[in-house]
Structures are given as C-alpha cells and as structure tokens.
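Here's the letter readout for the chains.
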Amino acid sequence: MEAENARLRAEVEALRARLRALEAAGASADAPRQQPDGSSCTAAAAAGAAAPAAAGARPSRAPPAGFVSPHGLTKPQAERYSRQLLLPAFGPAAQARLCAASALIVGCGGLGAPAALYLAAAGIGRLGLADHDAVEISNLHRQIIHSEARAGAHKAASAAAAVAALNSSVALDVHTEGLTPANAADLVRRYDLVIDASDNAPTRYLLSDAAAATGTPLVSAAAVGTDGQLTVYCLGEDGPCYRCLFPEPPAPGNCARCADAGVLGPVPGVMGVLQALEAVKILAGVGKPLSRQLLLFDALSGRFTTIKLRARAPDCAACGGGGGAAAAGDAAGGTGAQAEGPAGGACCSGRGSGSDARAPRGRMRPEDVAAFDYAAFTGQAAHDGAPPPLRVLPPDQRLAAAELRDRLAAAGLGGGDDRDGAANGASSSGSGGSGDSGGAAGCVLIDVRPTAQFGVMSLPGAVNLPFDSPERFRERHVASVLALASCGAGCAALAAGAAARDGGASGYGGAASATGSSGAAGAAPRGAAARAAAEQAAAEQQRPVYVVCRRGNHSQLAVQELRAAGLREVFDLAGGMEAWAAEVDPAMPVL
Amino acid sequence: MKLCIEFGGGLELLFGNQKNYDVEVPADGSLTVRQLLPWARDNLLQDRPELFMKGDSVRPGILVLINGCDWELSGTLDAELQPGDEVVFISTLHGG
Ligand SMILES: [Zn+2]
C-alpha cells in the first residue's frame, strides 16, 4: 500500500507537470510541436539518439483555470481522445495512465508501422522507435508508416516523422542504432513496456532477455506469409518469457525471412495493430492481456485462434530462479505493483520519468544480456538483410555478368544483340532467346533460386533446380545437370529440355521449373550404377554449364557440387541476378 | 485412433502444403505424442524430415498444441491422446 501510494503521488505530480507544459505549449499557437515531456528528450539525448524535434518554446504564462478534470487531462487531450474517454471500458482514468506511459517499439517495419501509429494516435505519452535499417521501396506494401519520399532514410527517423505528423503531443526518441546486446537492457528499462516488432530470431531472444532482466512487459508479434502470431511475455507473476517457450533456438532452416518467403501486406498490419491494442490495454490497465496465451492468425482462412501457453518456467535461463518473485517483491514501486497483475495498470509507474525501480524477473541480469552472444546462440545474424557474400570458388570459376551475357549469346541462349535498342524498357530477355538449356542451345543455364523467385523473373532458357543445401542439391539435381551437360546441342530427348521449352521463350516468369524428384531428366538412378553413370556423363561433357542464383552464394555451392561430380566446364555468375540486373539488364526487376 | 492434425506457421510446407489432416493412427488402446511424431513423419511428411523432428521430439521452435493447449501443460511427449483430439504443430515465426 505504501508503495502504491508513493506511485500514485508520483503519477499525479507527473501529470501536473505535463498539464502545465501542455497548456503553456498550447498557448503558443505557432509552436510546431508540443513536447510535453522534457525529461524524455533529455533521456533520448543522453542515449545518443537524435530527437526529431527539440522542445518548443514554452512561454511561462500561468495556466488558465476554469474547468475541473479529476484525471489531469488537459482541454486538448480531453477533446482529442473524447471517443476513448466516453467509452465505459476505457474512460478518463485509463486515458490519463496511457498519456503518462511510455513504450519502446523495436523494429519499424511491417509490425512496428501500425503499432507506432495506433499507439501515438491513442495518446501514449512517449514512444521510442528503434531500427537500424533504411526504408526500401519493397517495404512499402506493408510498412505503411514510411513513404516513397523517405526511401533511403532511417526507418526509425521516417517512422518518427509520420508519428509526429499524426500526433504532435507524443514525445519521441529515435534510436537509429537499433538494438544490440550492449544497449538492449539500458534502452528497455527507460520504457514502461516494449513491443517486439523485429524480424529475426537473435533480436527476439535479445529483446526477451532484456525485458526479463529489467522486469519490462513485452508485447511480441510476428508475421510471415499469411500467418501471424502474438503473445505477451514477462507480465505478471506467472507470465513466461520467450526462452520459457523456446529454450533452444530453432534451426536457421525453420526461420523463413520475409525477404525470401514473402509476406502479404495486411497480415503484419493486423498483427501490429493488435500489438498496439495489447500495449494500450496493459499501459492503461484495462482488459485482460494475452499473457500465457498465443493468438494465431490464419489470414487465408480468416481465422483467429487463441491457445493456452505454459507458465513461466522455474528453470528458465532468463526469467527462472534467481531474483524472480522475491526480488520483485523487495523492489520498491514498479515491480511490486506489476506483480499484482495487469488490471491495475501496474507497469506504468516508471513512466517517462526515467526513474527505474524495476528488478530482474529471474536469474538473467542486464550485464548477462550484454555478455550473451545471440548470433552464436541462434546461428543467425541479427538482421533480415542479405547474407554476407561467400567466397568459395576460385575466381577462374566465376563469371562477371557481361562475360556470361556474351557466352550465353554465343551459345544461342538469350538475346544479347538488341539490348541497347530496347528503348521502351521491355526486357531484352524475352526477345532474343532462341535456344534453351534442355535442347538446342550450346550451353546449359541452371537457375538455383527458389521456385517462387524463379517464377517472378528468370533468364530465357534457364532450368530451375533449386538449391536448399549441398546434400539435397547432390541428391536431387546433380544427375540432372550431368545429363543435360553430356547431351550435345540439338539433343532434345530430356524431360528437362521439354520443360524448359514449355516456358523458356516467355522472358521473365514462366520458364521451366524442374523441382524435386519429379523434375529434370527423370528419376536419377541410385547406388553404384548411378555413380558410374554420373562419371560417364561428366566425362562426356559436351556443353558448358552456367549456374545463377539471386546474389551469387548458392550458385557457388552448386558449382562446387557439380565439380565434385566430375564436371569441368561449370561456372557461376558472380553477384547473381542482382549483378545481372545492375550490369547487363537494368529492365530486369530485382527482388 | 481418429485424430485431427494441423500444421501452421509455415510447417505445412513440409506436409505437402496441406494444413489439415483427418487421420486414423494405429494404436494399441493408448497413443502418446511420442508415438504420434514418428507416425506423422513417416506418413504425412513429404519434405525435409530434419526440419520437423530432432531426436524423438519436435525440432526446437515448433510448438505442439493439444486441443488448444500448449503440450507442456499435458506432459509433452508423454501426453496421452484421446480419439477426436486435435493436435496442432506450429512453427514459431520471426518475420515482421
Ligand atoms: Zn523465461
């Protein structure tokens, strides 16, 4: 009770201060932005973050008296949020708590975009926006907080601009350095709540650990393809953390990235809005948060399901054992209140002021978070960007895009002649293809990208044999390539050849795709006979083989496999289709 | 034993891109999840078994739900299944 009283007194004082600041700012009509919470700006500046707008001039005029708002809401606040104030399930007390609360959004992408906009619109007092990435045009189908005009800008700064335009009374901290093990706990502890809107496994573990180590509730969501998931971690006495659910990291092969697997724009939109909703509920102290529950969204069947999750694990490496409940009880203020459950708007005690009495929930402490190697733990880098370039093949087994263009043209594959004349922007690739890898051409062109990428655009005559792993490529595709290579120009007896001809002349998209065991050259024979046949085929190589992929990584590994199988005339396209688009065919779309 | 098996979060891609299976699983009276996993791998899975199972359990990152509840609440591998139970395998998502 003592702690609760202190908390309420602090809250009232903070609200009074905000009221004075708001009224002062409101009195100066031409002030572009109101910056009600000076302390948060200071906090942001101290962290090296660039606050998008400095506090406006504050005339020191005495606030006008004349109306009574028991919850400390100002006239602009009461008017702006009136539809929430009139709502019996929300009302002025909840609104006042929200206006005095702060949240950190990690990731200003498909989830963070709607989460930030809705939290700002609903009247959160202070918002931290963290992202190290820059806006790309291919983000805009789902990351609606950004714009064409801000392509290339820091996502965190771009998001801040949109939020400021929507609600100028929200104090903003922009963190363009993103979340790192070194800064995570310090960053998270400056907010009442954190939203995981990130896009990769290492960041999800890092953020959950930082939330556990600082006793900060975490609203987590994810979206890939047409599926979405949402839950709340580190809330209340029995709420689990991410590690409670997933003590062991997933295999990288189980982690589809939006950049590879695709995502339907409104799906992260739905999930991000739901994150804002959960955050509003927790910060304002209304409703029942989705702690120990996982909400699943299946967009294709239009179905939401909520399932019951395990409680916090006593042996959890992050939130189990150690301090936990005992430490939370000992801590003054915030954490003690938080442990009482969500209905009291409990976690909002440290709001905006930078004061922090929250304790670690379990054995993991802020210094442990800083020392943990998340990239090694998950086997993945903490970004959704391109993998680092591989250097596997010696340079004489790699071709620059222009070199490959000339070789393909000489072999009768792809039209290399009218490239400069294609003034209307129509792709050259569709115009000149006269042969194909399966039959008439003097070379074999293998595209090892996933079938979905191949389906969007491909080079004429290319045969699609996707590369998942060296083992699978060996198992499924090497024999097919050997058969194609040993079959001279003019040979048209192969299944892959027929498949290639079906779509090979259609330019981008629609070329041959021979996936899996049903694909090229029929089923490969197995065992000793297969090896003998493969050696024979490799020895009889008639046509050179060129291997392309998206960036020139998988193509190197595929060439390695093919050389190991005995082929000598096999090369990859250095830099992949991205290099082709940059150096040979600017009209080709880059995915 | 008749069961409804469902795959989600992208896991369905390993199972012929089909999310729902109504199946009859051979059982001597009782059936545990430990027994169901290899059966699903051998009879339903079409691609990349290493992304579904690790040892005798599911791959890390996969949540198992029995009738809408985390299998942790009913004994994980030793959870006993009843006819008509709904078993869902969900791959945790990371994208955003
Ligand atoms: Zn935990």
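Residue numbers run consecutively from 1 along every chain, following the written order of its sequence. Key to labels: chains lettered from A, ligands numbered from 1, both in the order written. At least 70 in pLDDT is required for a residue's local features to be given in this predicted model, at least 80 for side-chain atom pairs to be given and counted, and no such filter applies to totals for whole chains, interfaces and linings, which use all residues. Only hydrogens and water are removed before side-chain values are computed, so all heavy atoms of the structure are retained for them.

Participant: Could you give an account of the UniProt feature "modified residue: 1-thioglycine" (unreviewed entry) in chain B, naming the residues involved and the relevant values?
Facilitator: UniProt positions are given in the numbering used here, feature names are shortened, and annotations may be inferred rather than shown by experiment. Cross-referencing UniProt, the feature "modified residue: 1-thioglycine" (unreviewed entry) maps to Gly96 of chain B in the present numbering. What counts as a helix is a DSSP run of H or I of at least four residues, what counts as a strand is a run of E of at least two, and both are numbered from the N terminus. Turning to its location among the elements, glycine 96 of chain B is positioned in the segment after strand 9 (86-91).

Participant: Please set out the UniProt feature "binding site: Zn(2+)" (unreviewed entry) in chain A residue by residue, giving values where relevant.
Facilitator: Residue and element names in this part refer to chain A. Residues given the UniProt feature "binding site: Zn(2+)" (unreviewed entry) here are Cys241, Cys244, Cys316 and Cys319. Maximum C-alpha separation among the annotated residues is 8.4 Å over a sequence range of 79 residues, consistent with a single clustered spot. Here cysteine 244 shows up in helix 10 (residues 242-245). Positionally, cysteine 316 belongs in the loop between strand 8 (303-308) and helix 13 (324-330). Overall, the relative accessible area of 4% leaves cysteine 316 in the buried class. Beyond its immediate sequence surroundings of up to four residues, cysteine 316 is in contact with Cys241, Arg243, Cys244 and Arg363. Partly exposed describes any residue whose relative accessible area lies between the buried limit of under 20% and the exposed limit of over 50%, with all areas from a 1.4 Å probe on protein chains only and scaled to the type maximum. Two residues form a contact once any of their heavy atoms are found within 4.5 Å.

Participant: Quick one: what's the story with the packing of aromatic side chains, residue by residue and with numbers?
Facilitator: Residue and element names in this part refer to chain A. Think of it this way: a Phe, Tyr or Trp ring, Trp meaning its six-membered ring, pairs with another when their centres are within 6.5 Å, and the plane angle makes it stacked under 30 degrees, edge-to-face over 60, tilted otherwise. All chains considered together, the criterion is met by 15 aromatic pairs over all chains. Plain terms: the ring middles of tyrosine 205 and phenylalanine 377 are 5.0 Å apart, the flat faces sit at 90° to each other, and that makes the pair edge-to-face. Taken together, the residues tyrosine 205 in helix 9 (residues 201-214) and phenylalanine 377 in helix 16 (residues 374-378) connect sequence positions 172 residues apart. Here tyrosine 205 falls in the buried class, since its relative accessible area comes to 0%. Both rings, one in phenylalanine 372 and one in phenylalanine 377, keep their centres 5.3 Å apart while their planes meet at 75°; by these two values the pair is edge-to-face. Aromatic rings pair up to connect Tyr205, Tyr233, Tyr242, Phe246, Phe372, Tyr374 and Phe377 into one cluster.

Participant: Tell me about empty space enclosed by the protein, and please be specific about residues and values.
Facilitator: The rule is simple: put a 1 Å grid over the protein atoms alone, call a set of points where a 1.4 Å probe fits but cannot get out a cavity, call an open set with protein on both sides within 12 Å along at least five of seven lines a pocket, and count a residue as lining if it has an atom within 4 Å of a point. Grid points are joined across faces, edges and corners, and a volume is the space filled by probe spheres set on the points. Overall, the coordinates contain 6 cavities of 30 Å³ or more when judged by the stated rule. Empty space within the largest cavity amounts to approximately 130 Å³. Taken together, 16 residues form the lining of the largest cavity, with Gln229, Thr231, Tyr233 and Leu294 of chain A together with Thr92 of chain B sitting closest to its centre. Put simply, the parts of the chain that give the lining of the largest cavity at least two residues each are strand 5 (218-224), strand 6 (227-233) and helix 10 of chain A. With 4 residues, the top contributor of residues to the lining of the largest cavity is strand 6 of chain A.

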